[in-house]
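A closer look at the structure
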Amino acid sequence: MKSLGQFIDGAYEEAGTSRFNVVDPVTGEVAYTTYEAGRDQVDRAVAAARAALSGPWARLSAAERGALLRKLANRIAERSEEFLRAEVLDTGKPADLASHLDIPRGAANFSFFADTAPMAMGEAFPAPTPDGAGALNYTLRTPRGVIAVVCPWNLPLLLMTWKVAPALACGNTVVVKPSEETPATATLLGEVMNEVGIPKGVFNVVNGFGAGSTGEFLTSHPDIDGITFTGETVTGTAIMKAAAEGIRPVSFELGGKNAAVVFADCDLDRAIAGTMRSAFLNCGQVCLGTERIYVERPLFDTFVEKLAAQVKTLKPGDPWDKASNFGPLISEVHRQKVLSYYAKAKAEGATVVTGGGIPDMPGKLAGGSWIEPTIWTGLPESSAVIQEEIFGPCCHIAPFDSEDEAVALANAGPYGLAASLWTRDLSRAHRLAARIEVGTLWINSWFLRDLRAAFGGSKKSGIGREGGLHGLDFYTEQRNVCIHL
Ligand code: NAD
């Protein structure tokens, strides 16, 4: 793959303050090199986005913008093979997964928000006035302006377009900072923007690192009007400090330590299949993934045994090999982090039900950041393994005895992103849905997404909600117009 560098004002710049390697996590070999954008490039990207706000883009109606975004979705679909290759090279995830999830959802985000943005609601309040003429208050929505979009590496195209699509549909312009681990699809998207005729400067990409680098230059830039960020909670704290300067609004989708609560009356096959996906999909690198499983005591042993049996069917291997269904972690650095939790679990006396180490991989794959999917039992709730987000293919399973205990366990800890509940008792499901403190609660399912629904985290898992009409409050400014008739 060729290095594309930055995409600023409709043109690629193969330049930056330094070159950096993007590593293929499947082999550990350098996949390609790209460039770290310096302050001057970030300045130019923001200036291009600012200028585009008063160019041809500003003169388009919402319907015209929507038509362009639908063309964009179609063009991504037409070039899906290229996006798929770029995504698999960056992440190492199975091509089958990316071809069913990341790439089609990346395209669908644009058509979805093309349809949704025009439905942004306003209010109208007729009111009496002392002179008898009356007054009317009504809402006008305008684009917020230049939006900084800072993205993680786990679902690079899907999560980036989840923010870029509503931003553009509402008439904003964007400067995107993809993860330094996975810059390919965001950068490739620039080509498609040009192909379908999105005016130059509307979509810009600057590549580089976070603190002390491109990410910080962008989020602390005085001419940014809002920051939408998906990533770790600790990074969110740094970005929020940067946003405080200049009072810029933020929309944050942050970390999680999601629980699954499994009752003895559940449909066991569904619960096993669901928790299997929620703990191990994308090598456990899904923000909504489950790392804590609580099982009602009578079912505990059976559940552990059945989940462990399923885990043994996971086949790590070349992402293009249809027989493999389990990819590597994103990087060696991340593998070291996850392995440190594997070591902590052992040191704290966990029973390692399955996994716990590094698999033997053949040939070139031996250099990749592969890791074994792992299940533990027997740790106290105070364990770091149960308290902290690991973001790997691992989970701890513990028994519980009552509904109240299950709720307390699920709600423990600083995060509140998502949870799943497995039971056939729908009264209980609704009762618990009202008590579990998360942004998304799934009942007898996981990752069943409806793009119209509010998406985000409570507690330290985020600020604000995106999705459907909800994110439009972030991507537009509401102006109340009051007219004395
Ligand atoms: P990260 O926070 O390390 O990095 C995310 C992005 O922020 C990268 O582009 C990075 O370069 C940039 N960044 C880092 N420090 C910065 C700084 N000081 N200023 C500006 N930018 C900075 O996250 P990650 O490791 O890429 O992704 C994994 C994390 O993302 C996990 O915590 C996961 O839970 C979270 N996540 C959350 C959601 C959600 O919807 N809530 C979705 C996916 C991932």
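Residues numbered from 1 in each chain as written. Predicted model: local features only at pLDDT ≥ 70, side-chain atom pairs only at ≥ 80, totals over all residues. Heavy atoms only, no water.

It should be kept in mind that the predicted coordinates are not to be read in detail where pLDDT is low. Per-residue pLDDT for the protein averages 97, and the proportion of residues at 70 or more is 99%. Reported confidences for the modelled complex are a pTM of 0.97 and an ipTM of 0.97. (pLDDT = per-residue confidence, 0-100.)

A few words now on the UniProt feature "domain: Aldehyde dehydrogenase" (unreviewed entry) in the protein. When the UniProt feature table is mapped onto this chain numbering, "domain: Aldehyde dehydrogenase" (unreviewed entry) sits at residues 16-481. Strand forms 21% of residues 16-481 and helix 38%; the C-alpha atoms that close the span are 45 Å apart. (UniProt positions renumbered as here; feature names shortened; annotations may be inferred. Helix = DSSP H or I, 4+ residues; strand = E, 2+ residues; numbered from the N terminus.)

Bringing the sheet that holds strand β6 (residues 135-143) into the picture now. One open sheet accounts for three strands, arranged β5-β6-β22; its pairing is antiparallel. A strand with exactly one partner marks an edge of an open sheet, and here the two such strands are β5 (124-127) and β22 (476-484). Averaged over all adjacent pairs, the angle separating strand axes in this sheet is 25 degrees, with direction ignored. Bridge count between β5 and β6: four bridges; the pairing is antiparallel. Paired with Pro126 across the strands is Leu136, a residue of β6. (Pairing = 2+ DSSP bridges. Axes fitted to C-alpha atoms, helices over the stretch in contact; angles between N-to-C directions.)

Here we take up the sheet that holds strand β16 (residues 394-400). Spatial ordering of the open sheet is given by β14-β15-β16-β13-β12-β18-β19, a layout of seven strands whose pairing is mixed. Among the strands making up the open sheet, the edge pair consists of β14 (351-354) and β19 (440-443). Along the sheet, successive strands turn relative to each other by an average axial angle of 25 degrees, direction set aside. In terms of strand pairing, strand β12 (residues 258-262) meets strand β13 (residues 290-296) through five bridges, oriented parallel. Bridging across to β13, Val261 finds its partner in Tyr294. Against the sheet, helix α12 (residues 332-347) engages β14, β15 (374-377) and β16, with an angle of about 25 degrees to β15. (Contact = heavy atoms within 4.5 Å.)

A few words now on the environment of Ala238. With respect to the element layout, Ala238 can be found in helix α9 (residues 233-244). For Ala238, a relative accessible area of 48% translates into the label partly exposed. Residues Ala238 and Gly210, 28 residues apart in the sequence, show an inter-C-alpha distance of 9.9 Å. (Buried < 20%, exposed > 50% of the residue type's maximum accessible area, 1.4 Å probe, protein only.)

The subject of this paragraph is the site of the ligand. Close contacts around the ligand come from 31 residues, with Lys177, Glu180, Thr235, Leu254 and Glu389 the closest. Measuring from an oxygen atom of the ligand, one finds a side-chain N or O atom of Lys177 at 2.7 Å. The contact in question runs from a nitrogen atom of the ligand to an N or O atom on the backbone of Leu254, over 2.7 Å. For the ligand, whose unbound accessible area comes to 850 Å², protein coverage reaches 92%. Within the residue set of the shell around the ligand, elements represented by two or more residues are α8 (214-219), β10 (226-230) and α9. Here the shell around the ligand is composed, by residue class, of 16 nonpolar, nine polar and six charged. (Near = heavy atom within 4 Å. Polar contact = N/O pair within 3.5 Å; in protein donor to acceptor, adjacent residues only side chain to side chain. Areas by Shrake-Rupley, 256 points an atom, 1.4 Å probe, with all protein chains shown as cover. Nonpolar A, V, L, I, M, F, W, Y, C, P; charged D, E, K, R; others polar.)

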